[in-house]
Every structure is written in C-alpha cells, then in structure tokens.
Amino acid sequence: MDSFDILWLQGASCGGCTMAALEGGHSGWFAELKRFGINLLWHPSVSEATADEAVAIFERIASGEQRLGALVLEGAVLRGPNGSGRFNMLGGTGRSMLHWVTALAPRADYVVAAGSCAAFGGVPMAGSNPTDASGLQYAAAEAGGVLGASFRSRAGLPVINIAGCAPHPGWISETLAALALGAVDTAALDAFGRPRFFADHLAHHGCARNEYYEFKASAEELSQQGCLMEHLGCKATQAVGDCNQRGWNGSGSCTSGGYACIACTSPGFETSQGFMETAKLAGIPVGLPLDMPKAWFVALAALSKSATPKRVRANAAADHIVVPPRSDPGRRP
Amino acid sequence: MTRRITVGPFNRVEGDLEVRLDLADGVVRSAEVTAPLYRGFEQILRGRSAMDALTLVPRICGICSVSQSMAAVAALRAAGGVRPARNGVLAANLAHAAENAADHLTHFYLFFMPDFARDAYAARRWHPEIAARFKAVQGRAAQAMLPARARLLQIMGLLAGKWPHSLAFQPGGTTCAIDLGERVQLLSIIGDFRDFLERTVFGDNLDNVLAIDSVAGLEAWRDGRGSDFAGFLGIADDLALHQLGRIALPLMSFGAYQGEDAALFAAGVLDPSSAERTSFDPAAITEDVAHAWMRETSLLPMEADTDPDADKPAGYSWCKAPRLAGGPAEVGALARQAVDGDPLIRDCLARFGPCVTTRVVARLRETARLALAMHQWARQLDLAEPFLERGERGCDGTGIGLVEAARGSLGHWIELRGDSIRRYQIIAPTSWNFSPRDRDGVPGPLEQALVGTPVGDAGARAVTIQHVVRSFDPCMVCTAH
Ligand code: SF4
Ligand code: SF4
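Analysis parameters
Residues numbered from 1 in each chain as written. Chains lettered and ligands numbered in written order. Predicted model: local features only at pLDDT ≥ 70, side-chain atom pairs only at ≥ 80, totals over all residues. Heavy atoms only, no water. Helix = DSSP H or I, 4+ residues; strand = E, 2+ residues; numbered from the N terminus. Rg over C-alpha atoms; globule rule 2.2 N^0.38 Å. Buried < 20%, exposed > 50% of the residue type's maximum accessible area, 1.4 Å probe, protein only. Lys, Arg positive; Asp, Glu negative; His and termini not counted. Charge placed at Lys NZ, Arg CZ, Asp CG, Glu CD. Disulfide = S-S within 2.5 Å. Salt bridge = Lys/Arg side-chain N within 4 Å of Asp/Glu carboxyl O. Expected span 1.5 Å × (residues − 1). Pairing = 2+ DSSP bridges. Near = heavy atom within 4 Å. Nonpolar A, V, L, I, M, F, W, Y, C, P; charged D, E, K, R; others polar. Axes fitted to C-alpha atoms, helices over the stretch in contact; angles between N-to-C directions. Contact = heavy atoms within 4.5 Å. Arc of directions from axis to C-beta. Patch = residues over 30% accessible without salt bridge, like charges linked within 9 Å, V, L, I, M, F, W, Y side chains within 5 Å. Areas by Shrake-Rupley, 256 points an atom, 1.4 Å probe, with all protein chains shown as cover. Polar contact = N/O pair within 3.5 Å; in protein donor to acceptor, adjacent residues only side chain to side chain.

Peer 1: Run through the overall build of chain A, naming residues and quoting values.
Peer 2: Broken down by element type, chain A carries 10 helices and 13 strands. Taken against the 2.2 N^0.38 rule, which gives 20 Å for 333 residues, the C-alpha radius of gyration of chain A at 22 Å falls within 12% of a compact globule. The principal-axis extents of the C-alpha atoms in chain A amount to approximately 75 × 50 × 30 Å. Going through the 333 residues of chain A one by one, you find that 61% of them count as buried. Counting 25 positive and 28 negative side-chain charges, chain A places the averaged centre of each group 7 Å from the other.

Next comes the structure, spelled out in structure tokens:
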C-alpha cells in the first residue's frame, strides 16, 4: 500500500485539536494512523524533525518535489495586521502562516481543517476579531475565507471541515482514514464541507435528557437534570454532531456533563452572547429545532408540559434521581 | 567571533517558538526568545458578559484548558463573592490533576524523550534501546502511553463532560453530580493510572518511589531498574544534563489544589541558592512591555491593557515580561515541588540547582504524588451533597484568580462592571519562563538558561538547545494568548 502522506500545521490554534486527536484509537493515535497507511510527514507536536529539517519538508512540498496527500490545518489563519499575517509567523522562516498555508494548499490532494478555527475562524474571530482571523474557506458562515470559495484541492474537493471545538477524536481519525481509503467525495460532505458521517446527526440525538425534552421538563439551574434548552442555552437541536451517540472521553458529552451544547460545530458559534442562557422572544426560545415550525413547537410544548409525569418533573429540578421509575413487583418479563 | 542563528519552527512544544542565539566558540553567549503567535484573547474578552469568559478562556490553550477554566472561575469567585460546594472543589481538583498528570506524561513521552532517540546520539551505549522505545511517532513507549493517557482523561468524561474545553467548572463548583457507579468508575480509572505509573514509568510501587528523599537515594534506586524514569536518569548522568539549562532565579508557586484548610502544594517563593522560602505576594507581580510588540501600559495587571503594535522597533515577542518584585522568576513543577518542600526535589536543588535534570525529575515526582491525592479526593466526595452551590454572584468588582497549571503559575485578573468584562489580563506559566527582556534589559528565564549551552559545530541543530528549551515544557499558545 502506498502511504498517504499528511502534513499537519498549527496556525492560530490552542492546540486542542491535536490534544483531542491524541486521544483517538484504542491502541493510540499513531497505531491508528499506521493501520490506514497514513504517514505523518510532519506534525508540530510529535515529529522529530525540527527547525531547518522541518522547513526543508515544507519547501519540498511547495515546489512539488514531495507529493502531499493531505494538508491538515489546525487553528485559524490570521491575516492581520493590515493583511501582513504577522500576528502569526512560522518560527524560523521569516514568513507568516498565511503565506505557508496559501503556498501549500494548492499542492495537496486534500485540504483538511481540523477544528472550527481552521474551518470557520472560530474563537479568534470572536468579539472585534482583533487579528483579522479567518477559516480556510469560510469566515464564519460566509464562503471565501483565505483560500476563496472556488478553491478545490487537487482531488477536486473543497476544504474538508472537521468542525468542532475541539472535534471528537473519532471525527479526526475517521476523516483522515476515509481520505486515505479514497472514500471521500462531494456527496460525503454537507453544505459546509463537514463530513456527513457525523454532520448528518444533531447533538441532541441520544442525549440522556431526551425524556425531559419531550415533556419540556427543564433544568432551571446548572447541575439539574432537566433539559437545558428552555433556560440554560442548549443549542443541540440546531447543532450538527453525533456527540450524544458516541462518548467523549469514555462516556461523556457536554449535556451529560451538565452544561449546554454551544454549537461548536456551527460556523460563527463564538459570536453568541450569553452561552449559558437561552435567548428568548416573548418567552419562546429564539433558536428552535431546525425543521420544526414555531407554532407547532409552542403548541406541543404546552401540551407536553401539561402531561409531564411527576417523576420527570421532580427529577428535572434535582441533581440526582429523586423519584425512580415505578417498578411493579408483580410483573415478570 | 560571534555569529547569530535563528532556530525555528521549534516543535514538540505546545505551539510554535523561535529562538535567536549568539554563538561564539561553540557556546551560546546570549539568547532572545520569540512567541510568534498573538490571538488577542484579552481584547476578545473585553465587553463580553462575565460568564462568557468560561466558554472563551479554556480555548486559550488546548493542553491546559481546565487550568484556564479554573483561573477564570477563581477570578469570578473573588470578584463576585461566591463560595463553592465542597464536592465541586474536589471534582475540580480531580479534573485539574488529571489534566496536569496527562500533560506531564505527554511532555515526557512525546515531547522530551524523543530527542535522545536522535541519530546525534547513535554512538551512545543506551541509544539502540532508547531509540526503539522513544523514536518520535514510531517508538514503543508512545504506543503504551497514548492509551494510558486516554484512559486517564476518561475522568473528564465522568466529571466534566469532555476534554479539552468544558463548561463544567463554575464559580459555585461543578455542574455534574455523580452517582455511586460513577464513583466506582472514577476509582477504577485512578487505579489504572497508578498501574501505568508503577509498571511503565517507575517500575516500582509508588510508595517506594515517594520514599526516595535524596539524590543518593535516587541513584541507588535507579541501578538495575528497567523503567522509563530509570532510563532517563541513566541518560541524564551520562550526558551530564544537570549542567544544562542552569539558572538560579526565584522559584514561584501560587499553590495548587484547594483542600479543606490548605492547598495540596503550598504557595510561596523559594530562593534556590539559599533554600530560603518566603511568602508569595500577588501585589509584587508586574508586566513590562519594553520588548513586546505592545503599546506602553500600566505595569499592574489589574490596570493594564493589551494593545498590539507589530511595528514597535524594540519589540521581539508577542509575550510581555512578567516580573516578581521587579525580577524574573521560574515557574513549573520544579518550583511547585521545591516551594512545597519535597525532600527529593530540595536535595536535587542543593546538588544541581534548577537545571534540565531537576525539572524532569520534579515533573515525574509530582505525577506520582498526584496519583495518591486523586485517590483520596475521589474517596472524599460525599454523594449525598451538592456539587454546585447556588449563591448570588456580584456583578461589579475586581478579582484575581491564581492557580497552578502543569507548566506553572497561571493568573487571571478580571474587572467587572454591570456583569460585563471591563478588563481581562492573563499571565500564563510560559509568559514567565519564556519572557523577553524587561525595561532594564534583564533577560527572561529561558534566555538566561540558554547562555553557556555548548552547541559545538552543530549550530542550530545542536540537540543541547532542544533539551534546555523542552526542559521547561513550554506552552507557546498560552504565552502570548
Ligand atoms: S477549534 Fe477549538 S480546540 Fe481546535 S484549535 Fe480552535 S480553539 Fe482550539
Ligand atoms: S439538553 Fe440539549 S441535547 Fe439534551 S435533550 Fe435538551 S435540547 Fe436536547
């Protein structure tokens, strides 16, 4: 098997996507990569080559001498100040990350954004966006970014956006493995370039609070067990991801950890104000499930609230089960 | 004749780094350290609602996100007069310790040790074995360590939802109350962590490891032992790593892991030459921008702004220069254990001073201590009590949050007005260790530690430079934030 060569670079990142990647694979990330014939040409956190040895690799790729299966970028691209990219220089090269990314991307069969920063700009774009940060092919939800809306990598695909802040380790490993298998085409990506194997789900699917959601039995305060949508800011009915179907760090997830989904897989998630509160208009959450008419939601919510079992209502406002499900001693399975 | 070289991109650190060295006669004569990335968190946070800091600040750093959360939580507590639930403190300690221990293991196995597998050491007697074990990406050690690290981080799945970047850490405690089954799972993970330390890292029972209280005792313990730590000690002797990266700056610790009465690791400042310990005074902390690409501002973090100026002629880093009582200080596991009075680390200091060897020994010593503390905390959780206290939080005022991240002292200074953030200043561990020169021209700790490093003819490729830099376990994404 030919190896699938990957160059991983970090722009304006927190390094968290790499930290997540390192959690992946039952036998460890390196074994997982090897299993799929993936060769890390260079990764800033784990490779031996340093300084001029590393720069030589970049130059061989830029000149076309070294073939590149995938360029993976973690972190936003900083264009400031004044378009110079100097807020993020690549050490030892006298050149900005903006320069290196635009020089290397056209050489890669695939260009991959690891995390919402590289995909959409992410947290560095928050507030006044002081560094003129952008994602590779999007600036928040706006197509374009650093490479331009019409950019296609050598294999003919737009940037593949492994959204999430950080993404699930499995999303990273599985996307890279799928690329090495040659199994990714445009049909495998959603409208924002996110792999559909995780982006065709909503973070809400499989949440342990689903019963509370059905009855609109809501947590009023953090650490209570009710649904977090009505008061505490949960955006999981509008955010893509199979977060509650596969565990994070074993069996976790944001909502199982007791706090709201902040839609970190969505472009522009960082611009929300008041992450832990639900924005409402006339008492109704502004962000409703993506494909549900508002009138229906309001009617169903009123109906289900009136039908809420005592058990569900009591447990929703407690931090542990106070009323267990009724068990009938006479019944046999 | 002096010649100047530039080393970068500097990898196997968290983030990117550039170092400029003046060399003469095969020795480093002076060094300048550059943090090449600025993202502007202090500007981004301005004007946001107070609680939004808890979403944004963990994303300063993916490797110490819990520490960033805990610093913000501590600052919000101080500003808003909130007391946390006891279970919440214990759960946060557990998550924080899991992160710090995972960081120490990541540093040792993925960042630091692979340098000894380089061809530069091919002639050394230990090289074949070390290369097979620690060669970057391919070595056997990482294949064992990565699953152990992932298992340890399952503590986050239980107590904090996920890692990195959790919103479980709140001024009132943590958001996730666990049940009996989950407590058992927690103890099982901590047990697996201890097993990994005993079998692979140390090759001995942790009680025996922690009973070592002197350099002589460590040497006797090491002989004939096949563990990774023993392997490092052998290399350290052979290469005289205790002569590399030596400085004698004050060692500072903010104190780590809150307990019922006292922190697990005490706060203070230790003079490594005299071994005299003094108390730590937050008011003695200043930040100077003389050689940072930043416009002049107050020296006091509570009054300072962050206003970048990429064209400032005297600037050479995005990092400001933090100072304690006007001078640089070294922070990290070495400082923490030395200030706390760990006998082995105190003896290492007396023998070698702060150096490459002592920094690495302190990190693994601390990891062993954490494994025991984590077990205690998991037992102390009272499952009938809440994890989160629900008090009113004040919306105006100032607060300082001081915690210890894996890499050392981390501080957040916050000013709130009408529950929105008026000012936010962050001083990260590597801002201390990798600070540029200050207004008096005094170099930062790494800049001082590099002076005198022998590079021979290898110049920028000298592996000695790599050892000195990585001995601090720098986190460059935090440094300038
Ligand atoms: S997407 Fe999130 S985790 Fe990844 S680099 Fe950006 S801030 Fe860090
Ligand atoms: S907490 Fe969020 S993810 Fe869970 S059921 Fe409610 S809306 Fe869905």
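Peer 1: Now, about the state of the cysteines: what can you tell me, with residues and values included?
Peer 2: Across all of its chains, the model carries 0 disulfides over all chains by this definition. Cys348 of chain B takes part in no disulfide bond, and the closest cysteine sulfur, belonging to Cys355 of chain B, lies 7.7 Å away.

Peer 1: A description of the pattern of salt bridges should follow, citing residues and the corresponding values.
Peer 2: Where charged atoms of side chains with opposite charge meet at close range, the side chains can pair. Counted by the stated rule, this structure contains 48 salt bridges over all chains. The network of salt bridges with common partners includes Glu53 of chain A together with Arg12, Asp115, Arg118 and Arg470 of chain B.

Peer 1: Report on helix 6 (residues 140-152) of chain B, specifying residues and quantitative values.
Peer 2: With 13 residues, helix 6 of chain B extends 19 Å between its outermost C-alpha atoms, agreeing within 8% with the 18 Å of an ideal straight helix rising 1.5 Å per residue. Looking only at helix 6 of chain B, the buried set comprises Ala141, Ala142, Met145, Leu146, Ala148, Arg149, Ala150 and Leu152 of chain B.

Peer 1: Quick one: what's the story with the pairing of strand 10 (residues 321-324) of chain B, residue by residue and with numbers?
Peer 2: Residues and elements named next belong to chain B. The alternating pattern of strand 10 places Ala321 and Arg323 on one face and Pro322 and Leu324 on the opposite face, and all of these are buried. As judged from the 4 bridges shared by strand 9 (residues 285-288) and strand 10, these two strands associate in the antiparallel manner. When the bridges of strand 10 are listed, Glu287 appears paired with Pro322.

Peer 1: Could you give an account of the site of ligand 1, with specific residues and numbers?
Peer 2: Every residue close to ligand 1 is listed here: Ser13, Cys14, Gly16, Cys17, Gly115, Ser116, Cys117, Gly164, Cys165 and Ala166 of chain A together with Arg59 and His165 of chain B. In this structure, ligand 1 sits where chains A and B come together, each supplying nearby residues. The set of elements that each furnish at least two residues to the shell around ligand 1 consists of helix 1 (16-21) and helix 5 (116-120) of chain A. Residues that form the shell around ligand 1 fall into these classes: 5 nonpolar, 6 polar and 1 charged.

Peer 1: Lay out the sheet that holds strand 1 (residues 4-10) of chain A with the relevant residues and their values.
Peer 2: What holds strands together in a sheet is hydrogen bonding between their backbones, with the strands either parallel or antiparallel. Residues and elements named next belong to chain A. If you walk across this open sheet you meet the 5 strands as 2-1-3-7-11, and the pairing is parallel. Two strands lie at the open edges of the sheet, namely strand 2 (38-42) and strand 11 (160-162), each paired on one side alone. Strand-to-strand, the axes of this sheet are offset by a mean angle of 30 degrees, without reference to chain direction. Bridge analysis of strand 1 against strand 2 gives 4 bridges, and the strand direction is parallel. Note on strand 2: the bridge partner recorded for Asp5 is Asn39. Each of strand 1, strand 3 (68-74) and strand 7 (108-114) is contacted by helix 4 (residues 97-104), which is oriented at about 160 degrees to strand 1, the strand it contacts most. Where helix 6 (residues 169-180) meets the sheet, it contacts strand 1, strand 2, strand 3, strand 7 and strand 11, and its direction lies at approximately 140 degrees from that of strand 1.

Peer 1: Residue-level account of the environment of Phe4 of chain A, with values.
Peer 2: Residue and element names in this part refer to chain A. Tracing the backbone shows Phe4 in strand 1. Taking the C-alpha atoms as reference points, Phe4 and Ala295, 291 residues apart in sequence, are found 51 Å from one another. In contact with Phe4, other than residues within four places in its own chain, are Gly37, Ile38, Asn39, Gly69, Ala70, Tyr110, Leu176, Leu179 and Ala180.

Peer 1: Provide a residue-level description of helix 4 of chain A, including the pertinent values.
Peer 2: Within helix 4 of chain A the residues assigned to the buried category are Met97, Leu98, Trp100, Val101 and Leu104 of chain A. Viewed end-on, helix 4 of chain A has its buried residues packed into an arc of 165 degrees, placing them on one side of the element.

Peer 1: Outline a nonpolar patch on the surface, supporting the account with residue identities and numerical values.
Peer 2: All names here are of chain A. Together, Trp296, Leu300 and Leu303 give the surface a local cluster of nonpolar side chains, amounting to about 350 Å² of exposed area. Relative to the assigned elements, Leu303 resides in helix 9 (residues 294-306). By relative accessible area, Leu303 is classed as exposed at 57%.

Peer 1: Give me the lowdown on the interface of chain B and chain A, citing residues and values where you can.
Peer 2: Opposite the 76 residues of chain B that make contact, chain A presents 72 residues. Across the contact surface, chain B and chain A share 5 salt bridges. Asp311 of chain B is paired through a salt bridge with Arg86 of chain A; the nearest N and O atoms lie 3.0 Å apart. There are 34 residue pairs in polar contact (both at pLDDT 80 or more) connecting chain B and chain A. Listing elements by their share of the side of chain B that touches chain A, those giving two or more residues are strand 1 (3-7), helix 1 (41-45), helix 2 (53-56), helix 4 (86-112), helix 6, helix 7 (154-159) and helix 17 (463-471) of chain B. Broken down by element, the side of chain B that touches chain A gets its largest block of residues, 6 residues, from helix 6 of chain B. By residue class, the composition of the side of chain B that touches chain A is 41 nonpolar, 19 polar and 16 charged.

Everything listed here is a matter of geometry and, on its own, says nothing about what the molecule does.
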